[in-house]
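The chain contents come next:
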Amino acid sequence: MPRKLTNNSNISLPMSVWLLKDDYDYNDDPTVISATTLLQPMRALVLKMQNKEALKEVDIKDLVASKLGTAIHDSLEAAWSDEENVFDAFDTLGMGSLKPRLLINPKDEDLKPDTIAIYMENRVVKQIGKWKVSGKYDLILDGTLHDYKSTSVYAIIFNSNGAQYTKQGSIYKWLNPDKITDSNMKIEYLFTDWSSQKAKQDANYPDQRVESKRYPLMSIEATEAMITQILADLDLYKDMEQVHLPECTPEELWQKPTTWKYYKKPGAKRSTANFPDDMAGAYARKDADGNTGEVIEFPGEVKRCNYCPCIDICTQAQLLIGAGLLKSL
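Residues numbered from 1 in each chain as written. Predicted model: local features only at pLDDT ≥ 70, side-chain atom pairs only at ≥ 80, totals over all residues. Heavy atoms only, no water.

Visitor: Could you clarify how one ought to interpret the nonpolar core in this entry?
Guide: Note that soluble globular proteins tend to have their nonpolar side chains buried in a common cluster. The biggest cluster of nonpolar side chains holds 53 residues, and the ones touching the most others in it are Ile33, Leu38, Val133, Ile171, Ile227, Leu231 and Cys305. For this core, the secondary structure elements donating two or more residues are α2 (35–38), α3 (42–50), β5 (116–120), β7 (131–136), α7 (162–175), β10 (184–191), α9 (220–237) and α11 (315–322). Looking at this core, the element that brings in the most residues is α9, giving six residues. Not counting residues within four places of it along the chain, the set of residues in contact with Leu231 comprises Ile33, Leu38, Ile128, Trp131 and Val133. Counting residues in each nonpolar core, the second largest holds nine residues, with Val86, Ile118, Met120 and Leu139 among its members. (Core = buried A, V, L, I, M, F, W, Y, C linked by side-chain atoms within 4.5 Å. Buried < 20%, exposed > 50% of the residue type's maximum accessible area, 1.4 Å probe, protein only. Helix = DSSP H or I, 4+ residues; strand = E, 2+ residues; numbered from the N terminus. Contact = heavy atoms within 4.5 Å.)

Visitor: Help me understand helix α4 (residues 64–81) in this model?
Guide: When the terminal C-alpha atoms of α4 are compared, their 25 Å separation across 18 residues agrees well with the 26 Å that a helix rising 1.5 Å per residue should span. The complete set of buried residues in α4 reads Lys67, Gly69 and Trp80. For α4, the angular spread of the buried residues around the axis is 160 degrees, confining them to a single face. Buried-residue contacts for α4 involve α1 (13–20), α5 (83–92), β4 (102–104), β5, β8 (139–141) and β9 (144–151). (Expected span 1.5 Å × (residues − 1). Arc of directions from axis to C-beta.)

Visitor: For this particular structure, what's the right way to read the sheet that holds strand β14 (residues 294–298)?
Guide: The pairing of strands in a sheet comes from backbone hydrogen bonds and takes either a parallel or an antiparallel form. Read from one edge to the other, the open sheet built from three strands follows the order β13-β12-β14, with strand pairing classed as antiparallel. On the outer flanks of this sheet lie β13 (273–276) and β14, each paired with one strand and no other. This sheet shows a mean twist of 20 degrees between the axes of neighbouring strands, independent of strand direction. Two elements, strand β12 (residues 259–263) and β14, share five bridges in a ladder whose sense is antiparallel. Among the inter-strand pairings, Thr259 is bridged to a residue of β14, identified as Phe298. Contacts between helix α10 (residues 279–288) and the sheet are confined to β12, β13 and β14, with β12 contributing the most and set at about 10 degrees to the helix. (Pairing = 2+ DSSP bridges. Axes fitted to C-alpha atoms, helices over the stretch in contact; angles between N-to-C directions.)

Visitor: I'm lost on the side chain of Lys286 in this one. Help?
Guide: On the secondary structure map, Lys286 appears in helix α10. Here Lys286 occupies a buried position and makes no salt bridge, while the nearest side chain of opposite charge, Asp287, is found at 5.4 Å. If we ignore the near neighbours within four places in the chain, the residues touching Lys286 are Tyr262, Asn291, Thr292, Gly293, Glu294 and Val295. (Lys, Arg positive; Asp, Glu negative; His and termini not counted. Salt bridge = Lys/Arg side-chain N within 4 Å of Asp/Glu carboxyl O.)

Visitor: Could you clarify how one ought to interpret unusual backbone geometry in this entry?
Guide: Trans is the common state for peptide bonds, and a negative phi is the common state for residues other than glycine. Within the chain, Glu121 stands out as a residue other than glycine whose phi angle is a positive 45 degrees. Position of Glu121 among the secondary structure elements: in the loop between β5 and β6 (123–128). We note that Trp254 has phi near 55 degrees; this positive angle belongs to a residue other than glycine. Checked against the element boundaries, Trp254 lands in the loop between α9 and β12.

So this is what it looks like as structure tokens:
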């Protein structure tokens with residue numbers, strides 16, 4: 001649970017009790033680092049380690065998104081833990097003949113060559129140097145890793161987290177090479193803002209509220225090399241002053257591209273045409289229109305800092321706010 005909590009939004013007592021319930025299996029061992037933590041920007045990771053007692057206040061309302069995600073995960077785990085329900089699903093999908101081969105969270109001695117093994121929500125810890133890397137997967141079904149994501153439709157339209165999914169899934173495979181044998185993983189999307197109307201109008205929009213997408217996994221060797229490098233960087237920076245820490249990159253900041261907007265009539269409220277990441281295109285359009293009007297640069301806004309507990313103490317975040325690139329919530 002976040003250390004500093006407020007209820008400035010006057011969330012009701014019944015909802016507050018639900019939002020404040022936290023069943024995460026925390027580990028106080030300072031040498032344990034989770035798979036998701038490994039993939040955070042190095043600057044944010046170090047600042048959180050250095051300033052555990054000085055992180056930003058969190059209002060109860062800001063817990064809603066993560067709590068909904070947790071609730072969905074809990075529901076999915078409960079569904080797969082109900083053996084009768086799993087068998088019914090196989091029947092419904094015309095896969096009833098496979099039921100005798102199903103084993104849910106089997107022991108090694110119960111495995112047979114034709115077994116369809118199902119593993120759920122198991123945490124695994126693996127030593128690497130002085131560190132212990134920890135990871136808790138959602139579901140492994142017959143050798144394939146499945147990870148549940150409740151998210152906006154734009155996560156799949158723009159594939160904004162594809163590289164992160166590959167890295168996270170690869171760490172789970174590195175932790176569980178005996179169980180995860182597929183070279184790809186599946187992200188099981190549940191879209192929180194899906195619209196049936198938009199699905200009919202936009203060919204790039206998801207056809208339905210739930211969708212699966214495959215992502216490639218790195219080799220065990222490449223994954224271990226990645227983990228080793230991240231931990232080496234962490235050892236290098238963990239005691240350094242903030243001025244010496246690497247800055248978060250535009251990609252890590254979830255920074256939108258700079259957009260050049262062309263206004264055929266100077267001073268108009270609405271632009272004639274927009275050119276994301278394309279200054280030359282904006283000026284070419286201006287030239288094509290007889291070199292009239294004006295082109296104005298709109299630097300891309302940064303989004304991730306508002307979800308980082310270090311925003312109030314991070315000098316990079318403060319500079320971004322001063323430059324108008326970050327609007328704090």
